[in-house]
Amino acid sequence: MPKSPPDALNAIIGINPNALDRARALDAEQARLGRLRTLHCIPVLLKDNFDTADMPTAAGSAALAGSVPPDDAFLVRQLRAAGAIVLAKTNMGEWAFSPYRTISSTHGETRNPYDLARVPAGSSGGTAAGIAANLGIIGMGTDTGNSIRGPASHTGLVGIRPSLGATSRDGIVPLLSNRDVGGPLMRTVRDAAIVLSVLAGPDPADPITAAAHARVPADYRRFLRADGLQGARIGVLRALVETETADPAVMAAFERALADITRAGATLVDPFVIPRFEALTEATGFCSRFRFDLAHYLRALGEEAPIRSLDQVVTAGLFLPRHADAMAWAMAERSDPAEQAPPCVDVAGDPRRKALLDAVVRAMDQAGVEALAYPSWNNPPRRIGDDDSPHGNNSPIIAPHSGQPAITVPMGFTAGGLPLGLQLLARPFDEGTLFRLAYAYEQATHHRRPPPGFGPLPSAVRSGSAAHLSR
């Protein structure tokens, strides 16, 4: 198959003009000190909602086009301190509104590298497409309901949504800050473990990360065991599998994944049942606080902020018509999130979210399982322009509301070569278990293969300092 031009993806929206100077400085440091930093000269693709003091951050919105924040997001600072180089910003869904497509009012639509007629999901689709197509090594996304795990599944990547409080939200343009998290989209489980080890931990600027003290290990690589499924107990959440619109080919791939997991030594609790699951998940809906959270972010930009409120965006019509309903939803709520009834706050302060978390963990404890398994999507990636066919998105149903960590790992392809993802969900701050199980499954199956139109990086790029991250 002929190679596709990278710009056909519409994944990259801006190149960091300081990248080469940063690389030269790091190489000079290595020559002087004789050692490499953890992520020495590893190129990073950043979703357009991570603040960078040397590049614009627009969150996919024409209203923020050209806005250069005063400093880096905390997670960006962590990456740079570890030696990584921010190579480029990636396209994202406008304001992170849509889990299904990645369309911004600044740069249009991103496509799936496995089939340019298909979507990469949203809203971190630019990062996912870029990493899958070998345009970078570290991919950074954010996940409010789906937006790391969904695009990872659609593009054959590993994507982890960390526990709420494991990674800082400081300097990330919010959608719903009580559910937003940042995390990596990578080509292997090992790479995801390396990067999350750099990212996770407390940040004084984000009070929720106080929970990370003594709960985040220094290096997640210690959990990576090829025999990590041996003796494991995993619950199969059939409530998310046996749906009327689930695609038979995806369900067949999921059953093969379960068989692979069993052959690798795990015991399945199938079906795994959470009492009152449907009622609990329906009650947790995504309450509206975008207007409030965005105002807080804009104040942090200071006098250079191009806008002061969401009201200005709506009045000027600076949003895509397809997001009119999302804007109306955001504009309809004017009260402080804590004053809503029930409050639109964190897990501990929201009785609906706390009830879901308690029910899930209690059922896991009673069944003696380490994690739950289900497909990230019950249907393959949609065609570009299709907003109506079944999507089967399972990512928003538990983790965003309960605050639990979840990981997507490749589980094969459709007959037409479209990637499919297996999702595993664990208890809060038990990312180590997710890495152990996902790594063992990955090593037992080796499902990922690069998209046929986008070849591997040239050997000259893969050599040298990048060699200490796997391909």
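Look above for the structure.
Residues numbered from 1 in each chain as written. Predicted model: local features only at pLDDT ≥ 70, side-chain atom pairs only at ≥ 80, totals over all residues. Heavy atoms only, no water.

Asker: So, the overall build of the protein chain: which residues are in play, and what are the values?
Answerer: Within the protein chain one finds 14 helices and 13 strands. For the protein chain, the spread of C-alpha atoms along the principal axes amounts to about 55 × 55 × 45 Å. Considering the protein chain as a whole, with its 471 residues, one finds that 59% of them fall into the buried category. Long-range contacts, defined as pairs at least 24 residues apart, comprise 75% of the intrachain contacts of the protein chain with a sequence gap of at least 6. With the model as given, the accessible surface of the protein chain reaches about 17200 Å², and the carbon-plus-sulfur share is 54%. Between the mean site of the 46 positive side-chain charges and the mean site of the 47 negative ones, the protein chain shows a separation of 5 Å. (Helix = DSSP H or I, 4+ residues; strand = E, 2+ residues; numbered from the N terminus. Buried < 20%, exposed > 50% of the residue type's maximum accessible area, 1.4 Å probe, protein only. Contact = heavy atoms within 4.5 Å. Areas by Shrake-Rupley, 256 points an atom, 1.4 Å probe, with all protein chains shown as cover. Lys, Arg positive; Asp, Glu negative; His and termini not counted. Charge placed at Lys NZ, Arg CZ, Asp CG, Glu CD.)

Asker: Could you give an account of the packing of helix α2 (residues 74-81) against helix α5 (residues 189-199), naming the residues involved and the relevant values?
Answerer: Following both chains from N to C, one finds α2 and α5 inclined at 115 degrees, their axes separated by 8 Å at the closest point. In terms of orientation, α2 and α5 fall into the roughly perpendicular class. The two elements α2 and α5 cross, and the hand of that crossing is right-handed. Counted together, Phe-74, Leu-75, Gln-78 and Leu-79 of α2 and Val-195, Val-198 and Leu-199 of α5 form the full contact between these two elements. (Axes fitted to C-alpha atoms, helices over the stretch in contact; angles between N-to-C directions. Parallel < 35°, antiparallel > 145°, perpendicular 65-115°, else oblique. Left-handed = near helix turned anticlockwise from the far one by under 90°.)

Asker: For the pairing of strand β11 (residues 371-375), give the residues involved together with the corresponding values.
Answerer: Every regular strand shows the same layout, with side chains that alternate between the two sheet faces. Of all five residues in β11, five are buried; the element is thus mostly enclosed. Here β11 shows no split at all, with Ala-371, Ala-373 and Pro-375 on one side and Leu-372 and Tyr-374 on the other all buried. In the sheet, strand β9 (residues 233-236) pairs with β11 via three bridges, with the strands oriented parallel. Within the sheet, the bridge partner assigned to Val-236 lies in β11 and is Ala-373. As paired elements, β11 and strand β13 (residues 419-425) share four bridges and run antiparallel to each other. Looking at β13, one finds that Tyr-374 is bridged to Gln-423. (Pairing = 2+ DSSP bridges.)

Asker: Kindly report on the environment of Asp-72, identifying the contributing residues and their values.
Answerer: Structurally, Asp-72 is set in the loop between β2 (43-47) and α2. Looking at Asp-72, the relative accessible area reads 13%, which means it is buried. For the pair formed by Asp-72 and Met-55, sequence separation is 17 residues and the distance between their alpha carbons is 9.6 Å. Among all residues touching Asp-72, those that are not within four sequence positions of it are Asp-51, Thr-52, Ala-53, Arg-77 and Arg-80. Within the structure, Asp-72 has its side chain in polar contact with the side chain of Arg-80 (distance 2.9 Å). (Polar contact = N/O pair within 3.5 Å; in protein donor to acceptor, adjacent residues only side chain to side chain.)

Asker: Lay out the pattern of salt bridges with the relevant residues and their values.
Answerer: Summed over all chains, the structure comprises 24 salt bridges. One salt bridge connects Glu-255 with Arg-238, and the closest N-O pair in it is separated by 2.7 Å. A residue pair is termed long-range when its members are at least 10 positions apart, and Glu-255 in helix α6 (residues 248-263) and Arg-238 in the loop between β9 and α6 qualify at 17 residues. What emerges from the salt-bridge pattern is a single network uniting Arg-101, Glu-109, Arg-322 and Asp-387. (Salt bridge = Lys/Arg side-chain N within 4 Å of Asp/Glu carboxyl O.)

Take it as geometry only, folks, not as evidence of what the structure does.
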